[in-house]
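# Structural description and commentary
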Amino acid sequence: MHSGDSEELPAFLPSTPEGVARAAELLRAGEVVALPTETVYGLAANALDERAVRHIFSVKGRPLIDPLIVHGLDVEFFQEFAQFTPLARVLAAACWPGPLTLVLRKTAVISPLITAGRDTVAVRAPAHSVMRAVLAACGRPLAAPSANPFGYISPTRAEHVRASFGGRLPWILDGGPCTVGLESTIVDVSDPTAPPRVLRPGPITPEALSRILGQPVQSPTPAPVGQAPGLAAPGLLARHYSPRTPLALLEPGAPPDSPPGGRRVAWIRFSPATGTEHPPAGAEVFWLGQNGDLAEAARELYALLRRLDQAGYAKIWCEKAPEAGWGLALNDRLRRAAGQG
Ligand code: TXA
Ligand code: MG
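These numbers were taken from a predicted model, which means no experiment stands behind them.

## Quick word on the site of ligand 1
Ligand 1 sits among 26 residues. The nearest are Thr 39, Asp 66, His 71, Ser 184 and Arg 200. Between ligand 1 and the protein, one listed contact pairs a nitrogen atom with a side-chain N or O atom of Thr 120 at 3.1 Å. Within the contact set of ligand 1, an oxygen atom lies 2.8 Å away from a side-chain nitrogen or oxygen of Arg 200. Contact with the protein chains covers 97% of the free accessible surface of ligand 1, which is 680 Å². Of all the elements in the fold, those that place two or more residues in the shell around ligand 1 are strand S4 (69-71), strand S7 (120-124) and strand S11 (197-200). With four residues, S7 is the largest single contributor of residues to the shell around ligand 1.

Okay, structure coming up:
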(Lines give C-alpha, C1' and ligand atoms only; values in the text may rest on other atoms or scores of the structure.)
(Ligands and ions follow the chains in the order given, each with its own letter.)
Protein backbone atom coordinates (compact mmCIF):
# COMPACT_ATOMS: atom_id res chain seq x y z
CA MET A 1 0.00 0.00 0.00
CA HIS A 2 2.89 2.38 0.56
CA SER A 3 6.55 2.85 -0.05
CA GLY A 4 9.14 3.60 2.57
CA ASP A 5 10.54 2.06 5.69
CA SER A 6 7.85 0.81 8.07
CA GLU A 7 10.06 1.85 11.01
CA GLU A 8 9.42 5.47 10.05
CA LEU A 9 5.67 5.06 9.81
CA PRO A 10 3.18 6.46 10.30
CA ALA A 11 4.01 9.80 8.74
CA PHE A 12 2.17 12.77 10.23
CA LEU A 13 1.11 15.06 7.41
CA PRO A 14 0.83 18.70 8.55
CA SER A 15 -2.42 20.63 8.15
CA THR A 16 -0.74 22.96 5.64
CA PRO A 17 -1.77 23.35 1.98
CA GLU A 18 1.04 20.89 1.14
CA GLY A 19 -0.15 18.34 3.70
CA VAL A 20 -3.72 18.64 2.42
CA ALA A 21 -2.58 18.27 -1.21
CA ARG A 22 -0.53 15.18 -0.31
CA ALA A 23 -3.46 13.60 1.54
CA ALA A 24 -5.77 14.25 -1.41
CA GLU A 25 -3.24 12.73 -3.81
CA LEU A 26 -2.83 9.62 -1.64
CA LEU A 27 -6.61 9.21 -1.37
CA ARG A 28 -7.05 9.52 -5.14
CA ALA A 29 -4.36 6.85 -5.52
CA GLY A 30 -6.40 4.44 -3.37
CA GLU A 31 -4.59 4.82 -0.05
CA VAL A 32 -6.19 4.93 3.41
CA VAL A 33 -5.39 8.17 5.27
CA ALA A 34 -6.47 9.12 8.80
CA LEU A 35 -8.11 12.56 8.70
CA PRO A 36 -9.32 14.95 11.38
CA THR A 37 -12.99 15.83 11.71
CA GLU A 38 -14.63 18.00 14.36
CA THR A 39 -16.08 14.89 16.06
CA VAL A 40 -13.32 12.24 15.99
CA TYR A 41 -10.53 11.27 13.59
CA GLY A 42 -11.66 9.12 10.65
CA LEU A 43 -9.95 6.37 8.65
CA ALA A 44 -10.67 7.66 5.16
CA ALA A 45 -10.58 6.23 1.65
CA ASN A 46 -12.10 7.10 -1.71
CA ALA A 47 -15.68 5.82 -1.40
CA LEU A 48 -15.77 5.11 -5.14
CA ASP A 49 -12.77 2.74 -4.98
CA GLU A 50 -13.81 -0.69 -3.67
CA ARG A 51 -10.27 -1.84 -3.11
CA ALA A 52 -9.51 1.21 -0.98
CA VAL A 53 -12.74 0.77 0.99
CA ARG A 54 -11.90 -2.88 1.62
CA HIS A 55 -8.59 -1.74 3.02
CA ILE A 56 -10.40 0.43 5.63
CA PHE A 57 -12.17 -2.67 6.95
CA SER A 58 -8.94 -4.65 7.16
CA VAL A 59 -6.88 -1.88 8.85
CA LYS A 60 -9.65 -1.32 11.40
CA GLY A 61 -10.46 -4.98 11.94
CA ARG A 62 -14.08 -4.08 11.27
CA PRO A 63 -16.64 -6.74 10.28
CA LEU A 64 -18.03 -6.24 6.77
CA ILE A 65 -21.58 -6.20 8.19
CA ASP A 66 -20.95 -2.76 9.74
CA PRO A 67 -21.60 -0.01 7.15
CA LEU A 68 -19.48 3.14 6.73
CA ILE A 69 -20.34 6.84 6.73
CA VAL A 70 -19.59 8.69 3.48
CA HIS A 71 -18.23 12.23 3.90
CA GLY A 72 -18.72 15.11 1.47
CA LEU A 73 -18.93 18.89 1.30
CA ASP A 74 -22.67 19.57 1.09
CA VAL A 75 -26.02 18.38 -0.30
CA GLU A 76 -24.93 19.24 -3.82
CA PHE A 77 -21.81 17.08 -3.45
CA PHE A 78 -23.96 14.06 -2.50
CA GLN A 79 -26.52 14.38 -5.34
CA GLU A 80 -25.12 11.42 -7.27
CA PHE A 81 -24.88 9.21 -4.20
CA ALA A 82 -27.98 9.65 -2.02
CA GLN A 83 -31.66 10.54 -2.36
CA PHE A 84 -32.45 13.52 -0.14
CA THR A 85 -35.95 13.50 1.31
CA PRO A 86 -37.58 16.85 2.23
CA LEU A 87 -36.74 16.34 5.93
CA ALA A 88 -33.14 15.49 5.02
CA ARG A 89 -32.85 18.79 3.16
CA VAL A 90 -34.17 20.71 6.16
CA LEU A 91 -31.70 19.00 8.50
CA ALA A 92 -28.77 19.48 6.13
CA ALA A 93 -29.62 23.18 5.71
CA ALA A 94 -29.70 23.63 9.50
CA CYS A 95 -26.82 21.38 10.62
CA TRP A 96 -24.28 21.04 7.80
CA PRO A 97 -21.42 21.33 7.88
CA GLY A 98 -21.50 19.71 11.29
CA PRO A 99 -21.84 16.63 13.46
CA LEU A 100 -25.01 15.19 11.89
CA THR A 101 -25.12 12.05 9.74
CA LEU A 102 -28.18 11.43 7.56
CA VAL A 103 -29.24 7.92 6.57
CA LEU A 104 -30.79 8.13 3.09
CA ARG A 105 -31.64 5.80 0.23
CA LYS A 106 -28.50 5.19 -1.79
CA THR A 107 -28.02 5.37 -5.55
CA ALA A 108 -26.41 2.64 -7.66
CA VAL A 109 -23.07 4.48 -7.56
CA ILE A 110 -22.55 3.54 -3.90
CA SER A 111 -21.04 0.09 -3.47
CA PRO A 112 -22.86 -2.42 -1.24
CA LEU A 113 -19.50 -2.85 0.51
CA ILE A 114 -19.96 0.63 2.06
CA THR A 115 -23.57 0.03 3.09
CA ALA A 116 -23.14 -3.63 4.12
CA GLY A 117 -25.69 -4.57 1.51
CA ARG A 118 -28.45 -2.24 2.62
CA ASP A 119 -30.30 0.14 0.34
CA THR A 120 -29.47 3.15 2.51
CA VAL A 121 -26.24 5.12 2.86
CA ALA A 122 -25.09 7.29 5.78
CA VAL A 123 -23.78 10.70 4.65
CA ARG A 124 -22.19 13.59 6.54
CA ALA A 125 -20.66 16.97 5.67
CA PRO A 126 -18.05 17.53 8.37
CA ALA A 127 -17.15 21.01 9.62
CA HIS A 128 -13.41 20.59 10.22
CA SER A 129 -11.61 23.02 7.87
CA VAL A 130 -8.77 20.58 7.14
CA MET A 131 -11.18 17.74 6.32
CA ARG A 132 -13.12 20.09 4.05
CA ALA A 133 -9.92 21.18 2.32
CA VAL A 134 -9.05 17.51 1.67
CA LEU A 135 -12.57 16.78 0.35
CA ALA A 136 -12.35 19.80 -1.97
CA ALA A 137 -8.85 18.91 -3.20
CA CYS A 138 -9.67 15.23 -3.65
CA GLY A 139 -13.04 15.77 -5.28
CA ARG A 140 -14.24 12.33 -4.19
CA PRO A 141 -16.66 11.23 -1.46
CA LEU A 142 -14.64 9.78 1.41
CA ALA A 143 -15.80 6.72 3.34
CA ALA A 144 -14.52 6.96 6.91
CA PRO A 145 -15.28 5.14 10.14
CA SER A 146 -13.72 6.43 13.35
CA ALA A 147 -9.96 5.77 13.26
CA ASN A 148 -9.81 3.29 16.15
CA PRO A 149 -9.39 -0.47 16.11
CA PHE A 150 -12.91 -1.98 16.06
CA GLY A 151 -14.46 -1.82 19.53
CA TYR A 152 -11.83 0.48 21.09
CA ILE A 153 -12.15 4.13 22.16
CA SER A 154 -12.47 6.63 19.28
CA PRO A 155 -9.50 8.97 18.63
CA THR A 156 -9.71 12.72 19.24
CA ARG A 157 -6.01 13.45 18.62
CA ALA A 158 -3.63 12.43 15.79
CA GLU A 159 -1.47 10.83 18.48
CA HIS A 160 -4.36 8.50 19.47
CA VAL A 161 -4.49 7.21 15.90
CA ARG A 162 -0.75 6.60 15.83
CA ALA A 163 -0.82 4.82 19.19
CA SER A 164 -3.47 2.37 17.93
CA PHE A 165 -2.19 1.55 14.46
CA GLY A 166 1.56 2.31 14.33
CA GLY A 167 3.03 1.33 10.95
CA ARG A 168 -0.16 -0.49 9.84
CA LEU A 169 -1.55 2.94 8.94
CA PRO A 170 1.05 4.89 6.99
CA TRP A 171 -0.58 8.33 6.80
CA ILE A 172 -2.18 10.54 9.44
CA LEU A 173 -3.12 14.15 8.70
CA ASP A 174 -2.70 16.02 11.98
CA GLY A 175 -5.50 18.56 12.38
CA GLY A 176 -5.07 19.07 16.12
CA PRO A 177 -7.49 18.01 18.86
CA CYS A 178 -11.12 17.46 17.79
CA THR A 179 -13.34 20.27 19.01
CA VAL A 180 -16.53 18.19 19.50
CA GLY A 181 -15.02 14.92 20.71
CA LEU A 182 -18.02 12.55 20.35
CA GLU A 183 -19.22 10.91 17.13
CA SER A 184 -21.95 12.54 15.06
CA THR A 185 -25.65 12.12 15.70
CA ILE A 186 -27.07 9.63 13.17
CA VAL A 187 -30.67 10.13 12.04
CA ASP A 188 -32.56 7.97 9.59
CA VAL A 189 -34.63 10.15 7.26
CA SER A 190 -34.56 7.72 4.35
CA ASP A 191 -38.30 6.98 4.30
CA PRO A 192 -40.47 10.05 3.62
CA THR A 193 -43.51 8.23 5.04
CA ALA A 194 -41.88 7.33 8.39
CA PRO A 195 -40.99 9.62 11.31
CA PRO A 196 -37.31 10.59 11.57
CA ARG A 197 -35.43 8.20 13.81
CA VAL A 198 -32.22 8.80 15.78
CA LEU A 199 -29.98 5.74 15.43
CA ARG A 200 -27.06 7.11 17.46
CA PRO A 201 -27.37 10.01 19.93
CA GLY A 202 -24.69 12.66 19.50
CA PRO A 203 -23.84 16.34 19.59
CA ILE A 204 -27.14 17.33 17.92
CA THR A 205 -29.76 16.37 20.48
CA PRO A 206 -33.22 14.91 19.74
CA GLU A 207 -34.73 18.17 21.08
CA ALA A 208 -32.66 20.19 18.60
CA LEU A 209 -33.68 17.87 15.76
CA SER A 210 -37.37 18.11 16.56
CA ARG A 211 -37.12 21.88 16.94
CA ILE A 212 -35.52 22.12 13.48
CA LEU A 213 -38.06 19.75 11.91
CA GLY A 214 -41.10 20.96 13.81
CA GLN A 215 -42.03 17.37 14.60
CA PRO A 216 -41.04 14.67 17.10
CA VAL A 217 -38.12 12.37 16.34
CA GLN A 218 -37.88 8.79 17.56
CA SER A 219 -35.11 8.15 20.05
CA PRO A 220 -32.76 5.20 19.87
CA THR A 221 -33.55 2.01 21.74
CA PRO A 222 -30.28 0.48 22.94
CA ALA A 223 -29.77 -3.25 22.34
CA PRO A 224 -30.11 -5.32 25.52
CA VAL A 225 -26.82 -6.42 27.08
CA GLY A 226 -25.13 -9.23 25.19
CA GLN A 227 -27.68 -9.19 22.39
CA ALA A 228 -26.80 -8.39 18.80
CA PRO A 229 -28.25 -5.04 17.77
CA GLY A 230 -31.16 -4.83 15.39
CA LEU A 231 -30.65 -4.40 11.68
CA ALA A 232 -31.43 -0.66 11.82
CA ALA A 233 -27.98 0.23 13.14
CA PRO A 234 -25.70 -2.74 12.78
CA GLY A 235 -22.64 -0.92 14.10
CA LEU A 236 -24.25 0.08 17.34
CA LEU A 237 -22.96 -2.91 19.24
CA ALA A 238 -23.60 -3.10 22.96
CA ARG A 239 -19.89 -3.30 23.75
CA HIS A 240 -18.04 -0.54 21.89
CA TYR A 241 -15.82 2.46 22.60
CA SER A 242 -14.30 0.35 25.38
CA PRO A 243 -11.07 0.72 27.29
CA ARG A 244 -9.28 -2.55 28.15
CA THR A 245 -9.52 -1.67 31.82
CA PRO A 246 -12.94 -2.70 33.18
CA LEU A 247 -15.28 0.29 33.31
CA ALA A 248 -18.41 0.55 35.46
CA LEU A 249 -21.02 3.28 35.80
CA LEU A 250 -22.24 4.98 38.95
CA GLU A 251 -25.27 7.12 39.68
CA PRO A 252 -24.25 10.78 40.10
CA GLY A 253 -22.84 11.34 43.58
CA ALA A 254 -22.64 7.61 44.46
CA PRO A 255 -19.08 6.72 45.50
CA PRO A 256 -17.29 3.65 44.12
CA ASP A 257 -16.50 0.65 46.32
CA SER A 258 -13.13 0.66 48.03
CA PRO A 259 -10.73 -1.29 45.86
CA PRO A 260 -9.34 -4.44 47.47
CA GLY A 261 -5.92 -4.31 49.14
CA GLY A 262 -3.58 -1.79 47.61
CA ARG A 263 -5.28 -1.60 44.18
CA ARG A 264 -5.91 1.78 42.55
CA VAL A 265 -9.09 2.76 40.76
CA ALA A 266 -10.03 5.89 38.77
CA TRP A 267 -13.30 7.75 39.42
CA ILE A 268 -14.48 10.02 36.61
CA ARG A 269 -16.92 12.72 37.69
CA PHE A 270 -18.76 15.44 35.82
CA SER A 271 -19.40 18.29 38.16
CA PRO A 272 -18.39 19.33 41.63
CA ALA A 273 -22.06 20.28 41.99
CA THR A 274 -23.03 16.58 42.02
CA GLY A 275 -21.28 16.07 45.34
CA THR A 276 -18.12 16.65 47.32
CA GLU A 277 -17.74 13.16 48.79
CA HIS A 278 -14.23 12.14 49.63
CA PRO A 279 -13.08 9.32 47.42
CA PRO A 280 -12.56 5.99 49.20
CA ALA A 281 -8.94 4.97 49.80
CA GLY A 282 -7.27 3.91 46.54
CA ALA A 283 -9.67 5.89 44.32
CA GLU A 284 -8.41 8.91 42.37
CA VAL A 285 -10.93 11.46 41.11
CA PHE A 286 -10.81 12.94 37.60
CA TRP A 287 -13.19 15.82 36.92
CA LEU A 288 -14.42 15.97 33.34
CA GLY A 289 -15.58 19.42 32.23
CA GLN A 290 -15.38 22.43 34.50
CA ASN A 291 -18.43 23.34 36.55
CA GLY A 292 -20.59 20.75 34.84
CA ASP A 293 -19.87 21.93 31.28
CA LEU A 294 -20.90 18.75 29.43
CA ALA A 295 -19.75 19.99 26.01
CA GLU A 296 -16.27 20.27 27.47
CA ALA A 297 -16.67 16.85 29.11
CA ALA A 298 -17.61 15.39 25.71
CA ARG A 299 -14.56 16.99 24.12
CA GLU A 300 -12.21 15.44 26.69
CA LEU A 301 -13.88 12.08 27.47
CA TYR A 302 -12.03 9.85 24.99
CA ALA A 303 -8.60 11.40 25.68
CA LEU A 304 -9.17 10.82 29.41
CA LEU A 305 -10.35 7.22 28.93
CA ARG A 306 -7.27 6.47 26.81
CA ARG A 307 -4.97 8.05 29.40
CA LEU A 308 -6.58 6.12 32.26
CA ASP A 309 -6.46 2.90 30.22
CA GLN A 310 -2.66 3.29 30.04
CA ALA A 311 -2.25 4.09 33.71
CA GLY A 312 -2.70 0.62 35.21
CA TYR A 313 -5.88 1.17 37.23
CA ALA A 314 -7.70 -1.98 38.32
CA LYS A 315 -10.98 -0.37 37.32
CA ILE A 316 -12.41 2.86 35.92
CA TRP A 317 -15.58 4.08 37.60
CA CYS A 318 -17.53 6.78 35.84
CA GLU A 319 -20.55 8.63 37.13
CA LYS A 320 -23.42 9.03 34.68
CA ALA A 321 -24.02 12.47 33.22
CA PRO A 322 -27.45 14.09 33.65
CA GLU A 323 -29.79 12.44 31.05
CA ALA A 324 -30.36 15.56 28.93
CA GLY A 325 -28.60 17.50 26.19
CA TRP A 326 -24.99 16.36 25.80
CA GLY A 327 -25.60 13.92 28.65
CA LEU A 328 -27.66 11.64 26.35
CA ALA A 329 -24.71 11.06 24.00
CA LEU A 330 -22.19 10.90 26.84
CA ASN A 331 -24.24 8.26 28.68
CA ASP A 332 -24.79 6.29 25.46
CA ARG A 333 -21.00 6.05 24.90
CA LEU A 334 -20.35 5.33 28.58
CA ARG A 335 -22.94 2.52 28.66
CA ARG A 336 -21.30 0.97 25.60
CA ALA A 337 -17.81 1.41 27.08
CA ALA A 338 -19.13 -0.44 30.13
CA GLY A 339 -20.60 -3.15 27.89
CA GLN A 340 -24.16 -2.31 28.87
CA GLY A 341 -25.38 -1.21 25.44
O1 TXA B 1 -18.60 11.53 13.80
C2 TXA B 1 -18.65 10.53 13.10
O3 TXA B 1 -19.71 10.08 12.65
C4 TXA B 1 -17.32 9.82 12.77
C5 TXA B 1 -16.48 10.75 11.90
C6 TXA B 1 -15.21 10.11 11.42
O7 TXA B 1 -17.26 11.20 10.83
N8 TXA B 1 -17.55 8.58 12.12
C9 TXA B 1 -18.02 7.49 12.77
O10 TXA B 1 -18.06 6.35 11.97
O11 TXA B 1 -18.37 7.50 13.92
P12 TXA B 1 -18.25 4.88 12.56
O13 TXA B 1 -18.06 3.99 11.38
O14 TXA B 1 -17.36 4.69 13.71
O15 TXA B 1 -19.74 4.82 12.97
C16 TXA B 1 -20.72 4.88 11.96
C17 TXA B 1 -21.99 4.27 12.41
C18 TXA B 1 -21.92 2.77 12.59
O19 TXA B 1 -22.55 2.45 13.81
C20 TXA B 1 -22.71 2.23 11.41
O21 TXA B 1 -23.36 1.03 11.70
C22 TXA B 1 -23.70 3.33 11.18
O23 TXA B 1 -22.96 4.51 11.38
N24 TXA B 1 -24.19 3.33 9.79
C25 TXA B 1 -23.48 3.52 8.66
N26 TXA B 1 -24.25 3.39 7.58
C27 TXA B 1 -25.50 3.10 8.02
C28 TXA B 1 -26.75 2.84 7.38
N29 TXA B 1 -26.89 2.84 6.06
N30 TXA B 1 -27.82 2.59 8.17
C31 TXA B 1 -27.70 2.59 9.52
N32 TXA B 1 -26.54 2.81 10.18
C33 TXA B 1 -25.46 3.07 9.45
MG1 MG C 1 -16.67 4.08 15.44
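On we go.
## Re the pattern of salt bridges
Here the structure, examined in full by the defined rule, presents 15 salt bridges. Notably, a salt bridge pairs Arg 162 with Glu 159, separated by 2.6 Å at the nearest N-O pair. Taken as a pair, Arg 162 and Glu 159 lie in helix H7 (residues 158-165) at a separation of three residues, close to a single helical turn. Residue classification places Arg 162 among the partly exposed residues on the basis of a relative accessible area of 32%. Note that Glu 251 and Lys 320 form a salt bridge whose closest N and O atoms lie 2.6 Å from each other. Of this pair, Glu 251 sits in the loop between strand S12 (247-250) and strand S13 (265-269) while Lys 320 sits in the loop between strand S15 (315-319) and helix H10 (326-337), and the two are 69 residues apart along the sequence. The exposure class assigned to Lys 320 is partly exposed, which follows from its relative accessible area of 26%. One salt-bridge network, in which partners are shared between bridges, spans Glu 183, Asp 332, Arg 333 and Arg 336.

Cut-offs used in this document
Residues numbered from 1 in each chain as written. Chains lettered and ligands numbered in written order. Predicted model: local features only at pLDDT ≥ 70, side-chain atom pairs only at ≥ 80, totals over all residues. Heavy atoms only, no water. Near = heavy atom within 4 Å. Polar contact = N/O pair within 3.5 Å; in protein donor to acceptor, adjacent residues only side chain to side chain. Areas by Shrake-Rupley, 256 points an atom, 1.4 Å probe, with all protein chains shown as cover. Helix = DSSP H or I, 4+ residues; strand = E, 2+ residues; numbered from the N terminus. Salt bridge = Lys/Arg side-chain N within 4 Å of Asp/Glu carboxyl O. Buried < 20%, exposed > 50% of the residue type's maximum accessible area, 1.4 Å probe, protein only.

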